[in-house]
Amino acid sequence: MFALFENPRLRGGIHAEEHKSETSPLSIATDFPLPKKLYIPVQQHVGKPAEPVVKVGEKVLKGQLLAYSQGTISAPVHAPTSGVIADVKDFPAPHPSALPIRTVVIESDGKEQWAELIVPEDPFQLEPEEICQRVGAAGVVGLGGAVFPSAVKLSLGRKNKIHTLLINAGECEPYLTCDDRLMQERAEQIVAGIRLMLRGMDAPKALVGIEDNKPEAFAAMQAASQSFANIVVAQVPTRYPMGWDRQMLRYLTGQEIPADGRATDIGVVVHNVATAFAVYQAICLGQPLISRVVTVSGAAVAKPRNVEVPIGTLMSEVLAFCGLEKSKMARLVMGGPMMGDALPIAEVPVVKACNGILALSAADIDEPAVQPCIRCSSCVTACPVGLLPLEMASRIKANQLDSAVDLGLKDCISCGSCSYVCPSNIPLVHYFKFASGELVKRQQAEHKSEQTKRLIEDRNERMERARLEAEAEALRAQEARAARLAAAQQAQQAPAEETV
Amino acid sequence: MYVLSAIVILTSLGLLLGVALGIAAKYLKVESDPLIETIEALMPGSQCGQCGFPGCRPAAEALVSGAAPVTLCPPGGTSLVEQLAKLLGVDVDLSQTQDQEAMVARVSEETCTGCTRCFKVCPTDAIVGAPKQIHAVVADACIGCKKCVEVCPTECLQMHPVEVTLRNWRWPKPLAA
């Protein structure tokens, strides 16, 4: 009975098998051999795709700009190594559909020759605008998975009177340990990144939330931030989805973000811990975001490990480095097992969003048959948002999307807790993803139908105008003919008169 | 003199009747059902005639009078069915309705003779071209009405499913248990 009152600041969630111990004790492998070819998609972020500025055959240096950002919400991409641009073409994207995306292909020359890097004398004396500008130019995006351009978030923070910067180091997804290792090994740099972010946003304090299954990372972060009173490192319980920004914020501050609002509405901005490290690299070292730490794990991988790989490396090469046993692999997942995407092929590049590459075996993904809903409401208990997954799914099954929206479909974060606990193995999240996509489709169809109406009206108007003009023209022609006729008659009469 | 009186009589008669008709049109106007207007606004508006009615307005009238089922409009898809059912207060089993696969016309460049017939019939000006030049379809403006396919003398215009890209890819519906 008291369990009810134990943790009023936490709602829903699950505790899945962690599978983190395979990779968490091992240091980040930095000896990944440079691939011969790198495939860099021009869109690795939320917003408009970047526009390539390089030509095929051009020589590029490591860190050189490959494609510049387009519009306010966009991010540039840079060359992960020195070499020659081999191609700019469509190449399969790391996406469940593996559909093609515009990609710059670099043939590396193996020299790893850096472009000229601009390093400020004292990074912590830079103007906030300057910090935002440099972070944007370095192509830093949210590395927690949402890949929102970080500079936009920093500027937004400056405009919105932020009182707290929340650094999300929950890493609640099973298997993934890249943030954990990063904190254990590079805590000093992360703290420098956090201080730069604070300066960039004009925010007074930062709060770092780390799940309590990462005690070493917690200790390292605490030690690194000891001399900075405005950075508080806190532990949060291990319970998926703790890394959901609203869940962590509610736990740590007791504040709740309004359903249709953002964290900035209550004076908080949330950034991922790996993003803080990328900000450090961008400002203090002048290096753009061209590599990242990726957790490679799963039962089909012989040597599971965190690896620092250049962006654009093919996943198949990273898997081979970690000893993939191809025959054992039943599913390839990018990201965590809860929210990650299953990929149909491994010949897709590692992108900024890729925090994990999991090669799962048949035993890992065991898919029992789907059975009818028994209305046990386990999914309702597990839902961190407080929705009714079973009701929503049954509406969607009957194609009643509007009524699913009334039940809160748009608030679903696709965390997968409901699907995880469902005893009937109903693919609940799949229903919600399908429905969300369908809603977007409908919105687009509505937009198109409006455009169509406008086009039809325009055309009808034009046809009417053309008809009127043709009529007027015919009238004029008739008049002209009549006038000519009259003139001719007159001319005929005149000589006649003369002869008389 | 007869001519003059005839002109006066007929002119005044014309004026009088004109004014009378004008007043009648204003005060004795037949109100159309606002529901028909609402429904017409919801319909795709391409007057394609796939429902068996001559256009979207007659279809809307038939819907309101109950002569046609809410599932009559294939281009409208499930979304329209759902909206119509809500407006008209009809129960409908949406689990059986299926959306048509979206199609767009495409010109095959090998066989196009540049005859200009297709872009003259296109209701949305989605086809661009000039005489004796290869024509092209602006896919974003094409509504898949097939009018161009019917007039093309060389069969170079064909309907193709809309190309799936990362931008319009969506999760499929899970297979039912």
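Residues numbered from 1 in each chain as written. Chains lettered and ligands numbered in written order. Predicted model: local features only at pLDDT ≥ 70, side-chain atom pairs only at ≥ 80, totals over all residues. Heavy atoms only, no water.

Undergrad: What's the story with the UniProt feature "coiled-coil region" (unreviewed entry) in chain A in this structure? I'm lost.
TA: Taken from the UniProt record, the annotation "coiled-coil region" (unreviewed entry) applies to residues 442–488 of chain A. Helix and strand shares over residues 442–488 of chain A are 100% and 0% respectively, and the end C-alpha atoms of the span are 68 Å apart. (UniProt positions renumbered as here; feature names shortened; annotations may be inferred. Helix = DSSP H or I, 4+ residues; strand = E, 2+ residues; numbered from the N terminus.)

Undergrad: Explain the UniProt feature "binding site: [4Fe-4S] cluster 2" (unreviewed entry) in chain B to me, please; I cannot follow it from the model alone.
TA: Residues and elements named next belong to chain B. If you check UniProt for "binding site: [4Fe-4S] cluster 2" (unreviewed entry), the listed places come out as Cys112, Cys115, Cys118 and Cys152 in our numbering. The largest pairwise C-alpha distance within this set of annotated residues, which runs over 41 residues, is 10.5 Å, so the set is compact in three dimensions. Its location among the elements puts Cys115 in the loop between strand S1 (103–107) and helix H5 (117–121). Not counting residues within four places of it along the chain, the set of residues in contact with Cys115 comprises His135 and Pro153. Looking at the element boundaries, Cys118 is found in helix H5. Note on Cys118: relative accessible area 5%, which makes it buried. (Contact = heavy atoms within 4.5 Å. Buried < 20%, exposed > 50% of the residue type's maximum accessible area, 1.4 Å probe, protein only.)

Undergrad: I tried to follow the side chain of A:Glu308 on my own but got confused; where do I start?
TA: All names here are of chain A. Considering the arrangement of structural elements, one finds Glu308 in strand S13 (residues 305–310). What makes Glu308 buried here is its relative accessible area of 19%. Separated by 3.0 Å, the side chains of Glu308 and Arg186 make a polar contact. Beyond its immediate sequence surroundings of up to four residues, Glu308 is in contact with Ile28, Ala29, Thr30, Phe32, Arg186, Ser291, Arg292 and Val293. (Polar contact = N/O pair within 3.5 Å; in protein donor to acceptor, adjacent residues only side chain to side chain.)

Undergrad: I would appreciate a short explanation of unusual backbone geometry in the present structure.
TA: Only a minority of non-glycine residues have a phi that is not negative, and only a minority of peptide bonds are not trans. Residues and elements named next belong to chain A. Going from Tyr240 to Pro241, the amide bond is cis rather than trans, its omega being -5°. Positionally, Pro241 belongs in the loop between strand S10 (231–236) and helix H6 (245–253). With phi around 50°, Lys161 is a residue other than glycine that occupies positive phi space. Examined against the element boundaries, Lys161 turns out to sit in the loop between helix H3 (150–159) and strand S8 (164–169).

Undergrad: How should I be thinking about the nonpolar core in this particular structure?
TA: The nonpolar side chains of soluble globular proteins are, as a tendency, buried together. All names here are of chain A. In terms of nonpolar packing, the biggest core is built from 76 residues, with Leu165, Ile190, Ile194, Val208, Met221 and Ile357 touching the most fellow members. At 12 residues, the largest contribution of residues to this core is made by helix H4 (residues 178–201). Residue-level mapping places this core at the junction of two domains, with at least three residues from each of domain 1 (1–31 + 128–289) and domain 2 (32–115 + 315–366). Setting aside chain neighbours within four positions, we find Val208 in contact with Ile167, Ala169, Ile194, Met221, Ile231, Val232, Val233 and Ala234. In terms of nonpolar packing, the next biggest core, distinct from the first, is built from 22 residues, Cys383, Leu390, Leu409 and Cys422 among them. (Core = buried A, V, L, I, M, F, W, Y, C linked by side-chain atoms within 4.5 Å. Domains from an automatic or database assignment.)

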